[in-house]
Amino acid sequence: MICDSEEVAAKLTLQGVTKTYRAARGSVDALREVSLQITEGQFVCLVGPSGCGKTTLLNIVAGLDEPTGGNVLVDGCPIAGPGRDRMVMFQEPALFPWLNVLDNVLFGLRLKPNLGRRERREVAEFYLQLVGLQKFARADVHELSGGMKQRVALARALAPNPRVLLMDEPFAALDALTREQLYGDIQRIWKERRKTILFVTHNIREAACLGDRVLLFSAHPGQIREEFLIELPRPRDINSVHLAEHSARITRALKRHLTTETEAAA
Amino acid sequence: MTRHRWLVFSYFAALVALWEALARLGLWSPLVFPSPMAVGAYLVHALADGTLADATRVTCRRLFSGYILGLMFGAPAGLLTARFKIVQDTLGVIALGLQTLPSVCWVPLALLWFGQTETAMLFVVVMGTTWSVLIAVDAGVRNVPPIFARAARTMGSRGLHTWLKVILPAALPHVVAGMKQGWAFAWRSLMAAEIYVTILTGFGLGHLLHYGRELQAMDQVVGVMLVIILIGLLVDKLLFSPWERYLRRRWGLAL
Ligand SMILES: Nc1ncnc2c1ncn2[C@@H]1O[C@H](COP(=O)(O)OP(=O)(O)OP(=O)(O)O)[C@@H](O)[C@H]1O
Ligand SMILES: [Mg+2]
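In this text, all values refer to a predicted model and were calculated from it rather than measured experimentally.

1. Digging into the sheet that holds strand S9 (residues 213-218) of chain A
All names here are of chain A. Strand order in this open sheet of six strands is S6-S7-S8-S3-S9-S10, and the pairing throughout is mixed. Lying at the two open borders of the sheet, with one neighbouring strand each, are strand S6 (86-89) and strand S10 (223-229). Taken pair by pair, the neighbouring strands of this sheet meet at an average axis angle of 20 degrees, ignoring direction. Those strands touched by helix H1 (residues 54-62) are strand S3 (43-47), S6, strand S7 (164-168), strand S8 (196-201) and S9, and its axis lies near 150 degrees from that of S7. Its contacts with the sheet put helix H4 (residues 146-158) on S6 and S7, and the angle it makes with S6 is roughly 175 degrees.

2. Some thoughts on the nonpolar core
If you look at the biggest cluster of nonpolar residues, it comprises 149 residues, and the most contacted ones within it are A:Leu14, A:Phe96, A:Leu198, A:Ile250 and B:Leu205. Looking at which element gives the most residues to this core, the answer is helix H8 (residues 159-196) of chain B, with 13 residues. Excluding residues within four positions of it along the chain, A:Leu14 makes contact with A:Val34, A:Ser35, A:Leu36, A:Leu57, A:Val61, A:Asn71 and A:Val72.

3. Structural notes on a nonpolar patch on the surface
A surface patch of nonpolar side chains, about 480 Å² in accessible area, is lined by B:Val8, B:Tyr11, B:Phe12, B:Leu15 and B:Val16. As for its placement among the helices and strands, B:Leu15 is situated in helix H1 (residues 2-25).

4. Quick notes on the site of ligand 1
All names here are of chain A. Around ligand 1 there are 13 residues in total, and Ser-50, Gly-51, Lys-54, Thr-55 and Thr-56 lie nearest to it. Gly-51 places a main-chain nitrogen or oxygen 2.7 Å from an oxygen atom of ligand 1. In the model, an oxygen atom of ligand 1 is placed 3.1 Å from a nitrogen or oxygen of the Cys-52 main chain. Burial of ligand 1 by the protein amounts to 64% of the accessible area it has alone, namely 630 Å². Looking at the shell around ligand 1, the elements that each hand over two or more residues are strand S2 (26-39) and H1. Looking at the shell around ligand 1, the element that brings in the most residues is H1, giving three residues. Partitioning the shell around ligand 1 into residue classes produces four nonpolar, seven polar and two charged.

5. Quick notes on H4(A)
Because each turn of an α-helix spans 3.6 residues, side chains separated by three or four positions end up pointing in the same direction. Its 13 residues place the ends of H4(A) 18 Å apart at the C-alpha level, agreeing with the 18 Å of an ideal helix rising 1.5 Å per residue. Among the 13 residues of H4(A), 11 are classified as buried, and the element is accordingly described as predominantly covered. Buried within H4(A) are the following residues: A:Gly147, A:Met148, A:Gln150, A:Arg151, A:Val152, A:Ala153, A:Leu154, A:Ala155, A:Arg156, A:Ala157 and A:Leu158. Where the residues of H4(A) are buried, they touch S6, helix H2 (101-110), helix H3 (117-130), S7 and helix H5 (176-193) of chain A together with helix H7 (146-154) of chain B.

Scoring rules and cut-offs
Residues numbered from 1 in each chain as written. Chains lettered and ligands numbered in written order. Predicted model: local features only at pLDDT ≥ 70, side-chain atom pairs only at ≥ 80, totals over all residues. Heavy atoms only, no water. Pairing = 2+ DSSP bridges. Helix = DSSP H or I, 4+ residues; strand = E, 2+ residues; numbered from the N terminus. Axes fitted to C-alpha atoms, helices over the stretch in contact; angles between N-to-C directions. Contact = heavy atoms within 4.5 Å. Core = buried A, V, L, I, M, F, W, Y, C linked by side-chain atoms within 4.5 Å. Buried < 20%, exposed > 50% of the residue type's maximum accessible area, 1.4 Å probe, protein only. Patch = residues over 30% accessible without salt bridge, like charges linked within 9 Å, V, L, I, M, F, W, Y side chains within 5 Å. Areas by Shrake-Rupley, 256 points an atom, 1.4 Å probe, with all protein chains shown as cover. Salt bridge = Lys/Arg side-chain N within 4 Å of Asp/Glu carboxyl O. Near = heavy atom within 4 Å. Polar contact = N/O pair within 3.5 Å; in protein donor to acceptor, adjacent residues only side chain to side chain. Nonpolar A, V, L, I, M, F, W, Y, C, P; charged D, E, K, R; others polar. Expected span 1.5 Å × (residues − 1).

As structure tokens, this is what we get:
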């Protein structure tokens, strides 16, 4: 489908996206006029203090929530609700406990038209292999560790072959060692499968490790404050010294914004 | 394990011994306080001449038909109240009200409507079961974490597919808990119905209990009470508990 728009060059476009939550005690500007363009194959990380609207933004791009104002375009077309072109990896694994690992990965594939039984099986097994869990295809969800669950969730999100992956602090609940492994995995998969990734995190080092671009968000109203380009060769090691320089730079900027915000509030 | 079994066994043996000892003390007339021997003798006799087996069969037939009808109505209705606000505010409110009504309160109405018939008894059981099942299923569906449906939507699931493949299975542990509660209510209502509705089409355990009182046969009263307890325990331990445990473990609701 071709939509008439000058911005077809971008995979994902946000135009003045605004989200206002109305509560009894007044309204919250979760997002105000957020504009952003992400080109195909880019890895973009979103960092910012808690409550600044990162999840809100991701849910709007996913089509799960409606913005109060503005547009989200994929390949120049406005989105209409959730779609298989944008898969989400939530903060909790959100796997279905009544299905085993393989059936969880098959869930999205079964809803995809034009796929035979055999084909679906092969695709699901391929992605389980990709995240290193082919031996656990028949396991129940409750038999997996937290890190394994996140891997299954990753395989489930990848299986319908979305062009865009939306990840909301997917590794926040994991220990450092498992996380490091998954940093490796996700960079490899991103490179091999040429995905466009929007990745939300609290962890600045993680953002610097994974992203081509790191967007710094500020709260109340939620807006993009600053953008950092990370031009380091891949695969990147979370413990590398060069990475530390970048994350220090972003941390300083974050602190600066936080202090100006508190001064403005005072 | 064996030590554990021994302790359990000794506990019940001691209980029976205490009962026998109390009976032998002769503080109360055996007419009001039968000894375990007398109750045992009644049970052996009733088993031998088939009264107990017949009564149990009659009772179970009524129980299962009423229970299944109650489930067939209550479970889908619970889904509807959870899904549609209008059903919740109409049928849901009625269910909430009727659920607070002890099932024995249905007996006078059932007698006036249907007379001393099987239908009256079925009616009481169905009324006792339906509302509690409805409310449990409704609560189960409402307790499904929204993240499941959201995740399903991103994968292209919509409407009926989401309900059948996500909401229902996600609510299953609660639905089974509701079925168990419904069973408990069905069992109580049936005993109330059998004690109050005297019909000739079948002599159930409740009737045995009732006639035990009429005949002042305390051994029969206590014996039948024991059988009723035993059936309740068996259904719980064999039918519901293993299911419940399995679901809770697999759904990650228990340790
Ligand atoms: N459903 C809602 N109703 C009202 N306010 C909401 C709702 N969801 C989010 N908010 C508000 O919007 C703001 C942004 O929330 P959001 O969840 O997007 O933050 P976040 O950046 O993801 O935070 P965290 O890093 O802690 O996950 C917060 O101030 C929050 O209070
Ligand atoms: Mg969040």
